[in-house]
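Chain residues, written in single-letter form:
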Amino acid sequence: GRTQRHLAERALHLLDIRQPGALLLDLGCGTGYSGAPLERAGHAWVGLDLSESMLRAARAPGKRRDVLCADLGAPLWLRRRVFDGAVSISAVQWLCHATANGHDPAKRVRTFFRGLKAVLVPGARAVLQLYPEQPEHMGMLRDAAVAAGFSGTLVVDYPRSERSKKLFLVLTSPNQAAAAAGGSARRSGGC
């Protein structure tokens, strides 16, 4: 729990949201440990996870959160352009593995980034903390993020320590002008 919260605090710092009251998306939220720093910073959040048992532990009446069962590699069915940012702690790398019959990791990763772009407001950041097991996994994630229109960088904490090294893919969704130039922009006010 403590490590998860520490990683979420770091992700929140990299998200760089200056005002409280943002609506954030926690991708692979599990039991909700990573949501505590988001709530302390004054933000509301929606968590997605595939495990219903973990989501039961994450549900907390009276808190500024909601959690929903969802497969991150399937199309996201959330309202478009509503989230001010997104975080993911130790979850996205699992999309690089075929964990069920019929799973095509490259396709699931592309679907994930297209869905993430759709639900973020233009110019919003997503901070994805991950542990890619193989170099080609990092390439798969990077290529899919770029193909979806994201820009960004890889932030490495403790780069000299194999044991303590933490990778954060810090992405920015296309702004309104860039999205309109690509023909995929929707007018504000709709969903």
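Residues numbered from 1 in each chain as written. Predicted model: local features only at pLDDT ≥ 70, side-chain atom pairs only at ≥ 80, totals over all residues. Heavy atoms only, no water.

Peer 1: Can you walk me through helix α1 (residues 2-15) in this structure?
Peer 2: Because each turn of an α-helix spans 3.6 residues, side chains separated by three or four positions end up pointing in the same direction. Here α1 contains 14 residues, and its C-alpha end-to-end distance of 20 Å stays within 8% of the 20 Å for a straight helix at 1.5 Å per residue. Contact partners of the buried residues in α1: β1 (23-27), α2 (35-40), β4 (83-89), β5 (120-130), β6 (151-157) and β7 (166-172). Immediately downstream of α1, the backbone of Asp16 shows phi near 60°, a positive value. (Helix = DSSP H or I, 4+ residues; strand = E, 2+ residues; numbered from the N terminus. Expected span 1.5 Å × (residues − 1). Contact = heavy atoms within 4.5 Å.)

Peer 1: Sorry if this is basic, but what is going on with the nonpolar core here?
Peer 2: Within soluble globular proteins, side chains that are nonpolar tend to cluster in buried spots. Ranked by size, the top nonpolar core spans 32 residues in total, and within it Leu25, Leu27, Leu48, Phe112, Phe113, Leu116 and Leu128 carry the most contacts. Elements represented by at least two residues in this core include exactly β1, β2 (44-49), β4, α4 (105-119), β5, α5 (135-147) and β7. Not counting residues up to four positions away in its chain, the partners in contact with Leu48 are Leu25, Asp26, Leu27, Gly28, Cys29, Leu68, Ala70, Leu72, Leu76 and Leu78. Counting 20 residues, the second largest nonpolar core, distinct from the first, contains Ala8, Leu15, Leu24 and Phe168. (Core = buried A, V, L, I, M, F, W, Y, C linked by side-chain atoms within 4.5 Å. Buried < 20%, exposed > 50% of the residue type's maximum accessible area, 1.4 Å probe, protein only.)

Peer 1: What should I look at first to understand the pattern of salt bridges in this one?
Peer 2: Between side chains of opposite charge, a pair can form when the charged atoms approach closely. In the structure shown here, the tally under the stated rule is 6 salt bridges. A salt bridge links Asp71 to Arg108; the shortest N-O distance between them is 2.8 Å. A residue pair is termed long-range when its members are at least 10 positions apart, and Asp71 in the loop between β3 (65-69) and β4 and Arg108 in helix α4 qualify at 37 residues. The class of Asp71 is partly exposed, set by a relative accessible area of 25%. Since its relative accessible area comes to 11%, Arg108 is described here as buried. Close ionic contact of Glu162 with Lys165 constitutes a salt bridge, the shortest N to O distance being 3.1 Å. A residue is classified by how much of its surface remains accessible, and Lys165, at 24% relative accessible area, is partly exposed. (Salt bridge = Lys/Arg side-chain N within 4 Å of Asp/Glu carboxyl O.)

Peer 1: Honestly, the side chain of Ser173 in this entry has me stumped. Any pointers?
Peer 2: Inspection of the secondary structure assignment puts Ser173 in the loop between β7 and α6 (176-181). With a relative accessible area of 3%, Ser173 lands in the buried category. Of the polar contacts made by the side chain of Ser173, one reaches the backbone nitrogen of Gly123; its length is 3.1 Å. (Polar contact = N/O pair within 3.5 Å; in protein donor to acceptor, adjacent residues only side chain to side chain.)

Peer 1: For this particular structure, what's the right way to read the confidence of the model for the protein chain?
Peer 2: Low pLDDT marks stretches whose predicted atomic positions should not be read closely. Averaged over the protein chain, the pLDDT score is 86; the fraction of residues at 70 or greater is 90%. Segment residues 178-191: pLDDT under 50, and 14 contacts once partners within four positions in sequence are set aside and those in other chains are kept. (pLDDT = per-residue confidence, 0-100.)

Peer 1: Whenever I open this one, the environment of Leu76 confuses me. Can you help?
Peer 2: Relative to the helices and strands, Leu76 resides in the loop between β3 and β4. The sequence separation of Leu76 and Val119 amounts to 43 residues, and the corresponding C-alpha distance is 8.1 Å. Aside from chain neighbours lying at most four places away, what touches Leu76 is Leu48, Gly115, Leu116 and Val119.

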